Amino acid sequence: MKTFLNAVKKYFADFGRAVAKGDIWCKLSLIILGAGYFGRKQIIKGILMTALEVIFFLFTGLFSINYIKDLNTLGTVQYEAVFDPLTMKNTVNDYDNSLLILLYGIVGILVILAFILLYISNMKAVYRLQLMKEEGEHINTFGEDVKSLFNGKFYITLLTLPSIGVIMMNIIPIIFMSCVAFTNYDMDHMPPNYLFTWVGLRNFKNMFTGGTTITFSYAFVRILAWTMIWAVTATFTTFIGGILLAKLINHENTYFKKMWRSLFVVTIAIPQFVTLLLVSKMFADHGIVNTWCSNIGLTGFLRDIGLVSGNFIPFLSKPGWSHVMIILINIWVGVPYQMLSATGILMNIPTDQLESARIDGANKWQIFWKITMPYVLFICGPSLIQSVIANINNFNVIYLLTGSTTTSNMAFANSNARETDLLITWLFTLTNDNSNYKMASVIGIISFVICALLTLLSYTRMISGDKEEVYQ
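Reading guide: rules and limits
Residues numbered from 1 in each chain as written. Predicted model: local features only at pLDDT ≥ 70, side-chain atom pairs only at ≥ 80, totals over all residues. Heavy atoms only, no water. Helix = DSSP H or I, 4+ residues; strand = E, 2+ residues; numbered from the N terminus. Buried < 20%, exposed > 50% of the residue type's maximum accessible area, 1.4 Å probe, protein only. Contact = heavy atoms within 4.5 Å. Areas by Shrake-Rupley, 256 points an atom, 1.4 Å probe, with all protein chains shown as cover. Lys, Arg positive; Asp, Glu negative; His and termini not counted. Charge placed at Lys NZ, Arg CZ, Asp CG, Glu CD. 1 Å grid on protein atoms, 1.4 Å probe; cavity = no way out; pocket = protein on both sides within 12 Å on 5 of 7 lines; lining within 4 Å. Points joined across faces, edges and corners; volume = space filled by probe spheres on them. Nonpolar A, V, L, I, M, F, W, Y, C, P; charged D, E, K, R; others polar. Core = buried A, V, L, I, M, F, W, Y, C linked by side-chain atoms within 4.5 Å. Phe/Tyr/Trp six-rings, centres within 6.5 Å; stacked < 30°, edge-to-face > 60°. Lys NZ or Arg CZ within 6 Å of the ring centre and 35° of its normal. Salt bridge = Lys/Arg side-chain N within 4 Å of Asp/Glu carboxyl O. Patch = residues over 30% accessible without salt bridge, like charges linked within 9 Å, V, L, I, M, F, W, Y side chains within 5 Å. Pairing = 2+ DSSP bridges.

Trainee: Help me get a handle on the overall build of the chain, residues and values and all.
Mentor: Looking only at helices and strands, the chain has 20 helices and two strands in total. Counting only C-alpha atoms and orienting by the principal axes, one finds that the chain spans roughly 90 × 85 × 40 Å. Across the 472 residues that make up the chain, the buried fraction comes to 37%. Taking all contacts inside the chain whose residues are at least 6 apart in sequence as the whole, residues at least 24 apart take part in 66%. Surface summary for the chain: the accessible area is close to 27,800 Å², and the carbon and sulfur share equals 67%. Charge separation in the chain, taken as the distance between the mean sites of 33 positive and 27 negative side-chain charges, equals 5 Å.

Trainee: Report on the layout of surface pockets, specifying residues and quantitative values.
Mentor: Volume-wise, the largest pocket comes out at about 960 Å³. In this structure, the largest pocket is lined by 26 residues; those nearest its centre are Tyr37, Lys45, Ala125, Asp145 and Lys153. Only α4 (43–68), α5 (98–134), α6 (142–148) and α7 (154–180) provide two or more residues apiece to the lining of the largest pocket. Element by element, the count of residues in the lining of the largest pocket is highest for α5, at nine residues. Per-class residue counts for the lining of the largest pocket are 15 nonpolar, seven polar and four charged.

Trainee: Run through the nonpolar core, naming residues and quoting values.
Mentor: Core analysis: the biggest nonpolar cluster contains 25 residues, and Met207, Ile223, Leu423, Trp426 and Leu430 have the highest contact counts within it. Among the elements of the structure, α8 (202–208), α9 (216–249), α16 (364–392), α19 (423–432) and α20 (437–463) are those that each provide at least two residues to this core. Per-element tally for this core: the top contributor is α20, with eight residues. If you look at the next biggest cluster of nonpolar residues, it comprises 22 residues, including Ala234, Met325, Ile326 and Val397.

Trainee: Any details on the packing of aromatic side chains? Residues and values, ideally.
Mentor: Scanning the model with the defined rule gives 23 aromatic pairs in all. An angle of 20° between the planes, with centres 4.9 Å apart, marks the rings of Phe395 and Tyr399 as stacked. Placement of the pair is Phe395 and Tyr399 together in helix α17 (residues 395–402), with a separation of four residues, close to one helical turn. Across from the ring centre of Tyr218, 3.7 Å away, lies the NZ or CZ of Arg222, which sits over that ring.

Trainee: Give me the lowdown on the pattern of salt bridges, citing residues and values where you can.
Mentor: This model, assessed by the stated rule, comprises seven salt bridges. Of the charged contacts in the structure, one is a salt bridge between Lys69 and Asp70, with a shortest N-O distance of 3.6 Å. The exposure class assigned to Asp70 is buried, which follows from its relative accessible area of 18%. Note that Asp421 is salt-bridged to Arg418, the shortest N-O span being 3.3 Å. Look at Asp421 and you get buried, because its relative accessible area is 0%.

Trainee: So what's going on with a nonpolar patch on the surface? Residues and values would help.
Mentor: A cluster of nonpolar side chains, Ile44, Leu48, Phe142, Val146, Leu149, Phe150, Phe154, Tyr155, Ile156, Leu158 and Leu159, forms an exposed patch at the surface whose accessible area comes to about 990 Å². Contributions of two or more residues to the nonpolar patch are made by α4, α6 and α7. Ranked by residue count, the leading element in the nonpolar patch is α7, at five residues. Its location among the elements puts Leu159 in helix α7.

Trainee: Report on the pairing of strand β1 (residues 81–84), specifying residues and quantitative values.
Mentor: Side-chain positions along a regular strand alternate between the two faces of the sheet. Judged from the four bridges that link them, β1 and strand β2 (residues 89–92) form a sheet pairing that is antiparallel. Bridge pairing links Phe83 to Asn90 in β2. Counting the residues that bridge the hairpin from β1 to β2 gives four residues, and of these Met88 lies at a positive phi of roughly 60°.

Structure (structure tokens):
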């Protein structure tokens, strides 16, 4: 943090020095960005910088300022359509669109911030040109600057377009989504027919506190708990299962080895969503598995001992049953991939340690838990954390297995949630089925904070310091 603050301080100190000690061309650059380049005979660069300045003022003055000035209210003129009997058509007034005001307002502010950074960097650049001229150094022509972008500064050329793409496709949507969490944007306030406005922290209050009518807090606590249980359990069950299967596949029996490899190669070759769709049909209330269980009398036995109340086993339709089944199905889907990863790691375990353990009398299970597992955890630690975060946002498994189920719990139903939902699937239901964008945005922010904290805490502990000799 201290290093960052020092860098910011130096950045603005260099700008102040350029303003204070710059010559007439530098000071003119405070008004016309290209003036400093014109004074050093870099005419084309001066024209480009001046053109950027003109474009910025035209864009801001003629377009974005109209939206920025309405950001505090997000619009005040409601949509109205009045039927005109003379033309037999509806006449629409000049209404405000809250969605466009928020979006274009954010874009306008980001453009202004980008221009400020360009303004400061430009001033520092023309001051460096002044110093180079005073010291008699060579000042590049425009052609030489272009050549440097394909040689010494080629990294700038490569990163420019991807950086712009990240800003447009990631940064702006994230900022927009975060702002929606502080509005009342939902089905009852849907642009362009209706306006939405700022409500402060009310949505967060509704998410963490509630009553008989607002039940988001009831659903949130339970869905968050299930999300974390699912993420940790799904990650480590598939991880340990993958290691055990890798050990089995490397069994000395050649026939046994070929059989397992063939089975899991076929499993990996099938796309995950196809497997999940097939399994969801198989374990449906009237699917093939329930038919088989009924035929052998298992359903009747479970009904007699009170575990089942109907004529089928609710594998994916009743809380408890569905939670366990989701984890078991995920093991089947996820173990093959983890098995392939574990195979490569197991092949690199130092053989001298394994031989030493055998000589000292350790059996296979002791070697597995005392040497194999610690070594694999040491290698796969960052990958496991990434898998936990991926499972927090694992939309496919939950939605494809239980997306068609409903809940009988009215507190969940009032919040448009189900007992098997993760935060990500709850967010999807709120936006796609119920147009409750404000609460979905709150969930999105909470999910981001959880994932960010897990990543920062885990990675700083795993990769901080010198860890090369930890295992050895």
